Amino acid sequence: MKSVIQRYRESKEENHQLINPHSDVKFWQTEAAILRQQLQNLQQIHRQMMGEGLSGLTTKDLQNLEKQLDMSLHVVRMKKEQLLLDEIQELNRKDLLHVKLSRIVSQVYGTKDANEADRNASRTTNLGICEDPHVPVHLQLCQPQQQYYEPPARATNKGYLH
């Protein structure tokens, strides 16, 4: 029974403190200070991610930052690759629809040689990749190769090389 009365008194004091405007103001001031500190921390992290304000970091901090950037870059590349793969699938689907539509048009308008119309449609839609319209086109993504650009030799206005 004494414990119940003690809990009642504690609960009553807590409720009285919440009603007290001074404690309410103090609570919100503390909350605002915490949020300001969190904002400053996030701004510092953002600057570091952008490569600014790195002078005070230790080697371990820089390694952790590099690892975090690598992971973020990996996620971005995966998202980009997925978007490109989805786009490729959509283009393949449209290509297949175009070939089917070409067949239907050739049947409706009575093209003399339906196979020739299919071949022509396949050549134009696949950019010469595939000669058989029944074979689906499969495209793949690959990492770009390092290319070295060599500027062309200078030519005179008569076309002769120097």
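What you see is a predicted model; the values in this text were computed from it and never measured.

### Some points on the overall build of the protein
If you tally the helices and strands in the protein, you get four helices and zero strands. The N-to-C order of helical and strand elements in the protein reads α-α-α-α. In the protein, buried positions account for 9% of the 162 residues. Expressed as a percentage of contacts within the protein between residues at least 6 apart in sequence, the contacts between residues at least 24 apart total 33%. Accessible surface computed for the protein: about 15000 Å², of which carbon and sulfur atoms make up 57%.

### Points about a nonpolar patch on the surface
A cluster of nonpolar side chains, Leu101, Ile104, Val105, Val108 and Tyr109, forms an exposed patch at the surface whose accessible area comes to about 540 Å². Relative to the elements of secondary structure, Ile104 occurs in helix H3 (residues 59-108). Judged by its relative accessible area of 47%, Ile104 is partly exposed.

### Regarding the packing of aromatic side chains
In this structure the tally under the stated criterion is one aromatic pair. Ring geometry for Phe27 against Trp28: centres 4.9 Å apart, planes inclined by 75°, an arrangement best described as edge-to-face. Look at Phe27 and you get partly exposed, because its relative accessible area is 43%.

### Quick look at the confidence of the model for the protein
The predicted model of the protein has a mean per-residue pLDDT of 77, with 62% of residues at 70 or higher. For the protein, helix H4 (residues 114-126) is the element with the lowest average pLDDT, namely 51, and H3 is the one with the highest, namely 94. The low-confidence segment residues 122-131 (pLDDT under 50) makes 14 contacts with residues lying over four places distant or belonging to another chain.

What counts and what doesn't
Residues numbered from 1 in each chain as written. Predicted model: local features only at pLDDT ≥ 70, side-chain atom pairs only at ≥ 80, totals over all residues. Heavy atoms only, no water. Helix = DSSP H or I, 4+ residues; strand = E, 2+ residues; numbered from the N terminus. Buried < 20%, exposed > 50% of the residue type's maximum accessible area, 1.4 Å probe, protein only. Contact = heavy atoms within 4.5 Å. Areas by Shrake-Rupley, 256 points an atom, 1.4 Å probe, with all protein chains shown as cover. Patch = residues over 30% accessible without salt bridge, like charges linked within 9 Å, V, L, I, M, F, W, Y side chains within 5 Å. Salt bridge = Lys/Arg side-chain N within 4 Å of Asp/Glu carboxyl O. Phe/Tyr/Trp six-rings, centres within 6.5 Å; stacked < 30°, edge-to-face > 60°. pLDDT = per-residue confidence, 0-100.

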